[in-house]
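Descriptive structure summary
Each chain, written out:
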Amino acid sequence: MTLNVDRPVPERRKLAAKPFSKADRVFFGVARAAAFSAIVIVSLILVFLVSRSASTFAEQGIIDFIFGSTWDASLSPIKMQLWPMLWGSILISLIGTALAVPMAISIAYFIEFMAPKRVAKVATLIVDLMAAIPSIVLGLWGAFVFTDVAAGWSKQLNALFGWIPIFENNSDNFLRSPFIAGLVVTVMIVPIIASITREIFSQMDRDIINASLALGGNRESTLRKVILPTAGGGVVGGVLLGLGRALGETVAILYVLNLVFDTNWYQILESKGGSIASMIISKFGEAGPEEVGGLMAAGVVLFVFTLIINALASYIVAKAQPWRK
Amino acid sequence: MTLNNSHLRSEDVNVWFGERHVLKNVSLEFPSNQVTALIGPSGCGKSTFIRTLNRMHELIPSAGFGGKVLLDGEDIYGEGVDPVKVRLKVGMVFQKPNPFPTMTIKENVLSGLKLSGRKSDNASELVETSLRRASIWNEVKDRLNDPAISLSGGQQQRLCIARSLAMDPEVLLMDEPCSALDPGSTRRIEETILELAPQMTIVIVTHNMQQAQRVADQTAFFLAEDGNPGHVVEFGRTEQVFEQPIDPRTNDYVNGHFG
Amino acid sequence: MEKVIDLTPVQRPKGNESAPWAKIELKTRAAVVLASVVPGAIALAIFFATGIDFMAMLFAIFMPIQVVAAALVGILVYGRRGILEGLLVVVTIFFASFIVVLLFSVLWSVIDNGSRAISWQFISQNNYYIKPNTSLDYGGVGHAIIGSLLIVGTSTIITVPMGLATAVYLTETQGKTKGIIRTLLQAMSGLPSVVSGLFIYAAFIASGITSYAGWTGSLALIPLMLPTVARVSEEALRLVPQELRNGALALGAPVWRAFMMVTLPAARSGMVTAVLLGIARVIGETAPLVLTTFAADRTNLNLFGGAMASLPTYLFGFISMGFEESLQRAWGAALVIMILVAILFTTARLASRTRSQVRK
């Protein structure tokens, strides 16, 4: 038996890791078909919406449609322009996300690193349940329970900080403002972000936290130097997911926002704002075919926007968690 | 050692993971009805090699393979050979006992048949025979319908052996079957191996040199030096490999100078 | 000869030398207790004494005092760098409490207001002759519940096999397009619900294939449900240890049998969770249904025959009618939705708990 391994190495073979028997081929085929249905669905959505709205884009002009400020269905020819709504969606989502992030991370931190085991379990359950509150229920609460309270806060903010442009209010009407809508959005997305963050925290290797503590770190420095850098990427991804969700919020803010086709850039306490999703559903009932085309075009713009944000989120999360293949 | 009688034989087996060449030109004979041990330090490719013998290796993404493995003269990597069928003839027991948790003891023993779509003519007889051959019948005969995970580690491993035996394989591959077990269970399993040897060909990967000396007729010593692919340094009758090794590296390993 | 073993305990050193860390503990604990209670007490005292607005008191008086107290405790325990430590604790608890209060407000208002509307008659009757200001002794959400069950049920029947098969593709195969599929699922999960409604409207209703109907609503819910089902199923399958699959394959099983007989049973409870969470996700979705199924007053059992009521569209319809009674109906519907969601969630939790008990 010769043990000299310096013989020439035989050629590398193609391995049949592919399914061999017919039943296996069917199995893999079905799985692949189902997975590809995801591609199909997303493509179909884009195809149908774009085709239905193509004429709108053509007539209104894409740039004008996205960045113009007039939407009047009574004009002939009809004029439809999206910017006040688009900016309104962005503004409200930013407010909502900015407020939601510290709260969500606080809850996640509390559950994972501060609370005793049993409290943590209950809290996790509650947070996950909160994430399932349908947006229309939140809309109901927002319109009839929360609005007056939030208007009160707005008044206080305006009284104390009205000199800052954001908190200006010249109409003395604090109801149905981007601020209130933003707060409702916050309540909507905090559980989502908190859930994701808590999951990331719980999957962190406890050993590195123990190492930090053993080296003399306290709670805060461990958070700053160990937890956030490690979990940061995933948390950012979760935040972006929440942001994406916020952009699409329809009925939650429909009743707490005054849709006005006059861009409200930064006066979040004023009673005027915009949201593409809310606009679509509120105009849908009485829209004629032309206007419906415009609503579809608005939907396309919104979807593309959320696609970009979600792609960004996926990318960041994947970069931050390369071990998940 | 004659060449023609061999049941299982590998010819110039080479393994890659992606671009990394991890096993080079491994040519070994595994004579029928004998036990062959594969020894060597961690990371030298023994477990990788044993997985080429039942075509489990290719389940790993980026796996690459070259060479031949001949079972009864036929290359199991040949065109048109169904890897699934190969595994019906070449069974495997893993390092960590892995009974199926959703099944009872009895169901576990019969699971191989169910999984390959075969029916058994006499299920209870097969169950008893397999469990006897694995030296665990007496301990479980009264609780065949208990969940398999209620057994201890050593018992679970013997159950896994019974499960493989129920398929009546020609070759049984064992990848460090005792390394997760206590010494008592280890002894039981080594006894089982010795009892089974006359009925089939057994290839066992082991870290434990005393175990190799206890159960194996032949021993192959694997080594991977300094970023080079693993290969077989020495292969021969166990007594000779351990007491009068030809290669100085074998000498160093079996005398505990490294590894 | 018996050996006598001396069992008298060794004398422990007393006084300052024993357990030197214990003393500091006591000091710290006292300080923490004080810092937790005193600021609140002071703030409340001022609140009651001066009648200042609650929120103003909270932010202008309670917060600063609490922050200072926490910082002091931090300094006590860790020295100067402990200031941030104290701040962290206070900030965390504050933010967490704030949002918890808001969320509980939501739950409470639904339960409180909704329970006034709930009755057996509310759940079983429909709205055929009900005007917006009819008293709540008449009519109910019966038709909406049935409609929701039909619509969501149909979506479930279609989505679950798709989601499961997608999860199988992502975990059990070695396809090259896995990354793309995952990205697309992620993209789908960001689909605004109203856009999904628009899509189905554009594809089937605006194109003239049909007018409002229950099945179009089911279709609109699918892209909203699929990512959840696929993701949770994938997680469940990932949790099945690879050794189980290896064991099955080593016995000579083709992949599909290894999956059906070993992997899937082992992931069973995770699968159940996936389905339940998927249902919970869409059962309250309003916008897609408003655009596709419209709404109805009475029970419609025909998914292909015209508009169908559902709990979310019922709520949607009544929320803006302006009458006290309509509003109460809306709260009632909200409570019914929340109860259903809670049931689904609890069942999902229980299912996943049995999973963790199967492993020894």
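A brief structural summary.

Rules behind the numbers
Residues numbered from 1 in each chain as written. Chains lettered and ligands numbered in written order. Predicted model: local features only at pLDDT ≥ 70, side-chain atom pairs only at ≥ 80, totals over all residues. Heavy atoms only, no water. Buried < 20%, exposed > 50% of the residue type's maximum accessible area, 1.4 Å probe, protein only. Helix = DSSP H or I, 4+ residues; strand = E, 2+ residues; numbered from the N terminus. Pairing = 2+ DSSP bridges. Right-handed = clockwise from strand over helix to strand, strands pointing away. Core = buried A, V, L, I, M, F, W, Y, C linked by side-chain atoms within 4.5 Å. Contact = heavy atoms within 4.5 Å. Axes fitted to C-alpha atoms, helices over the stretch in contact; angles between N-to-C directions. Polar contact = N/O pair within 3.5 Å; in protein donor to acceptor, adjacent residues only side chain to side chain. Expected span 1.5 Å × (residues − 1). Parallel < 35°, antiparallel > 145°, perpendicular 65-115°, else oblique. Left-handed = near helix turned anticlockwise from the far one by under 90°. Nonpolar A, V, L, I, M, F, W, Y, C, P; charged D, E, K, R; others polar. Phe/Tyr/Trp six-rings, centres within 6.5 Å; stacked < 30°, edge-to-face > 60°. Lys NZ or Arg CZ within 6 Å of the ring centre and 35° of its normal.

**A short note on the pairing of strand β7 (residues 171–175) of chain B**
A regular strand places its side chains on the two faces of the sheet in alternate fashion. Residue and element names in this part refer to chain B. Of all 5 residues in β7, 5 are buried; the element is thus mostly enclosed. The side-chain alternation of β7 yields two buried faces, one formed by Val 171, Leu 173 and Asp 175 and the other by Leu 172 and Met 174. Direction of pairing for strand β6 (residues 90–93) relative to β7: parallel, over a ladder of 4 bridges. Within β7, the residue paired with Val 90 across the bridge is Val 171. Note that β7 and strand β8 (residues 201–205) share 5 bridges and pair parallel. In the strand pairing of β8, Val 171 is matched with Thr 201. Note that the unit made of β7, helix α7 (residues 183–196) and β8 has a crossover that is right-handed.

**Quick notes on the nonpolar core**
By size, the foremost hydrophobic cluster in this structure holds 273 residues, and its most contacted members are Phe 65 of chain A together with Leu 28, Phe 49, Leu 131 and Phe 222 of chain B. It is helix α3 (residues 83–114) of chain A that contributes the most residues to this core, 16 residues altogether. For Leu 131 of chain B, the residues in contact, after removing those within four places along its chain, are Val 109, Ile 136, Trp 137, Val 140, Leu 144, Leu 159 and Ala 162 of chain B.

**Here's the deal with the sheet that holds strand β3 (residues 35–39) of chain B**
Whether parallel or antiparallel, the strands of a sheet pair through hydrogen bonds between backbone atoms. Residues and elements named next belong to chain B. The strand order across the open sheet built from 6 strands is β6-β7-β8-β3-β9-β10, with neighbouring strands paired in mixed fashion. On the outer flanks of this sheet lie β6 and β10 (231–237), each paired with one strand and no other. Neighbour-to-neighbour, the strand axes of this sheet turn through a mean angle of 15 degrees, independent of strand direction. Both β3 and β8 contribute to a ladder of 4 bridges, which runs parallel. Paired with Thr 36 across the two strands is Val 203, which belongs to β8. Across the sheet, helix α6 (residues 153–165) is in contact with β6 and β7; its angle to β6 comes to roughly 170 degrees.

**Description of the interface of chain C and chain A**
Taken together, the 83 residues of chain C in the interface contact 79 residues of chain A. In this assembly, chain C and chain A are joined by 4 residue pairs in polar contact (both at pLDDT 80 or more). Per-element tally for the side of chain C that touches chain A: the top contributor is helix α3 (residues 82–117) of chain C, with 20 residues.

**Some points on helix α6 (residues 178–189) of chain C**
Taking 1.5 Å of rise per residue, the 12 residues of α6 of chain C would be expected to cover 16 Å, and the 17 Å separating its terminal C-alpha atoms lies within 8% of that figure. All of the buried residues along α6 of chain C are Lys 178, Ile 181, Leu 184, Leu 185, Ala 187 and Met 188 of chain C. Buried residues along α6 of chain C sit against α1 (22–60) and α11 (289–320) of chain A together with α5 (142–172) and α8 (214–239) of chain C.

**Regarding the packing of α8 of chain C against helix α11 (residues 268–282) of chain C**
Residue and element names in this part refer to chain C. Relative orientation of the contacting elements α8 and α11 amounts to 155 degrees, with a least axis distance of 8 Å. Relative to α11, the element α8 lies roughly antiparallel. Judged by the sense of rotation from one axis to the other, the crossing of α8 with α11 is right-handed. For the pair formed by α8 and α11, the contact residues are Leu 221, Leu 224, Met 225, Thr 228, Val 229, Val 232, Ser 233, Ala 236 and Leu 237 on the first element and Gly 270, Met 271, Thr 273, Ala 274, Leu 277, Gly 278, Ile 279, Arg 281 and Val 282 on the second. Among the residues forming the contact of α8 with α11, the class breakdown is 12 nonpolar, 5 polar and 1 charged.

**Brief notes about unusual backbone geometry**
Residues and elements named next belong to chain B. Residue Asn 25 is not a glycine yet carries a positive backbone phi of 45 degrees. Classification of Asn 25 as buried rests on a relative accessible area of 2%. We note that Ser 135 has phi near 60 degrees; this positive angle belongs to a residue other than glycine. Residue position: Ser 135 is located in the loop between α4 (123–133) and α5 (137–140).

**Some points on the packing of aromatic side chains**
Across all of its chains, the model carries 27 aromatic pairs over all chains by this definition. Relative to Phe 146 of chain A, the ring of Trp 141 of chain A has its centre 4.7 Å away and its plane inclined at 15 degrees; by these criteria the two rings are stacked. As far as the burial class goes, Trp 141 of chain A and Phe 146 of chain A line up, both buried. Geometrically, the ring pair formed by Phe 94 of chain C and Phe 95 of chain C is tilted, given 5.8 Å between the ring centres and 50 degrees between the ring planes. Exposure remark for Phe 94 of chain C: the relative accessible area of 16% places this residue in the buried category. A residue is classified by how much of its surface remains accessible, and Phe 95 of chain C, at 24% relative accessible area, is partly exposed. Connected via pairs of aromatic rings, a cluster forms that spans Trp 141, Phe 146 and Trp 153 of chain A together with Phe 94, Phe 95 and Phe 98 of chain C. A cation over a ring is seen here: Arg 163 of chain B above Phe 100 of chain B, with NZ or CZ 4.3 Å from the ring centre.

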